[in-house]
Amino acid sequence: MVTTGNEEYHSVRTLHVRFREGDDEALEDALDALDRGESPDSHLEVVYHDPADIHQVTRPKTLTLLRTIVQHEPSSIRETARLVDRDVSQVHRNLQELADLHLVELIDDGNAKRPSVWYDAIDIDLPLTQSAIDSENVRA
């Protein structure tokens, strides 16, 4: 990456989307670092238990909205709709669904709501093993 000296360098912030189980080891590492008085690397994670939620994340319209928010930082839902060339009410509904999934934050900004995304990439972990799929039905 070429920089001009005026840009602030930051690492890519990746949101880890997981199905049924989170990354407990990464969480424990971060908590241990805090206990030692260190500042751990951020670990952004959301865990879904419904396959429909994973589908919602990977829909083309969702990805277009998320990319648009990251790249253009629109000041309102109306501006977001204009940027993706869609109806404002549809975009509002989709952004509210994404806010409910903790993928977008809708920030009150005067009379408007400004969509905000705090990550640059999404990493989806979807295990295909039967034990992972049936893990909620198994009790020790």
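Residue numbers run consecutively from 1 along every chain, following the written order of its sequence. Owing to the predicted nature of the model, reporting of local features is limited to residues with pLDDT of at least 70; listing and counting of side-chain atom pairs is limited to 80 or more, with chain, interface and lining totals taken over all residues. Only heavy atoms go into the side-chain values, all of them from the structure, while hydrogens and water stay out.

1. Quick notes on the packing of aromatic side chains
Okay, so step 1: Stacked, tilted and edge-to-face are the three classes assigned to paired rings of Phe, Tyr and Trp, where Trp is represented by its six-membered ring and a pair needs centres within 6.5 Å; plane angles under 30 degrees give stacked, over 60 edge-to-face, the rest tilted. Enumeration according to the criterion identifies 1 aromatic pair in this entry.
Okay, so step 2: Each ring, one from W118 and one from Y119, has its centre 5.4 Å from the other, and the planes form 85°; the classification is edge-to-face.
Okay, so step 3: Take W118: its relative accessible area is 30%, and that puts it in the partly exposed class. Between buried and exposed lies partly exposed: a residue is buried under 20% and exposed over 50% of the maximum accessible area for its type, with that area taken using a 1.4 Å probe on protein chains only.

2. Looking at the confidence of the model for the chain
Okay, so step 1: The quantity called pLDDT is the predictor's confidence in a given residue, expressed from 0 to 100. With 78% of its residues at a pLDDT of 70 or more, the chain shows a mean pLDDT of 81.
Okay, so step 2: When pLDDT is averaged over each element of the chain, helix α4 (residues 77-84) comes out on top at 97 and helix α6 (residues 130-133) at the bottom at 52.
Okay, so step 3: Low confidence marks residues 1-9, where pLDDT is under 50. Its contacts with residues over four positions away, or in another chain, come to 2 contacts. Helical segments are the DSSP runs of H or I of at least four residues, strand segments are the runs of E of at least two, and each set is numbered from the N terminus. Should any heavy atoms of two residues lie within 4.5 Å, those residues are counted as being in contact.

3. Remarks on the nonpolar core
Okay, so step 1: In terms of nonpolar packing, the biggest core is built from 24 residues, with Y48, L95, L103 and V104 touching the most fellow members.
Okay, so step 2: Among the secondary structure elements, those contributing two or more residues to this core are β1 (14-19), β2 (44-48), α2 (51-58), α3 (60-72), α4 and α5 (88-100).
Okay, so step 3: If you tally residues by element for this core, the top one is α5, at 4 residues.
Okay, so step 4: Once residues within four sequence positions are removed from consideration, L95 is found in contact with L65, I69, I77, T80, V104, L106 and P115. Residue types Ala, Val, Leu, Ile, Met, Phe, Trp, Tyr and Cys, when buried and joined through side-chain atoms within 4.5 Å, form a set referred to as a nonpolar core.

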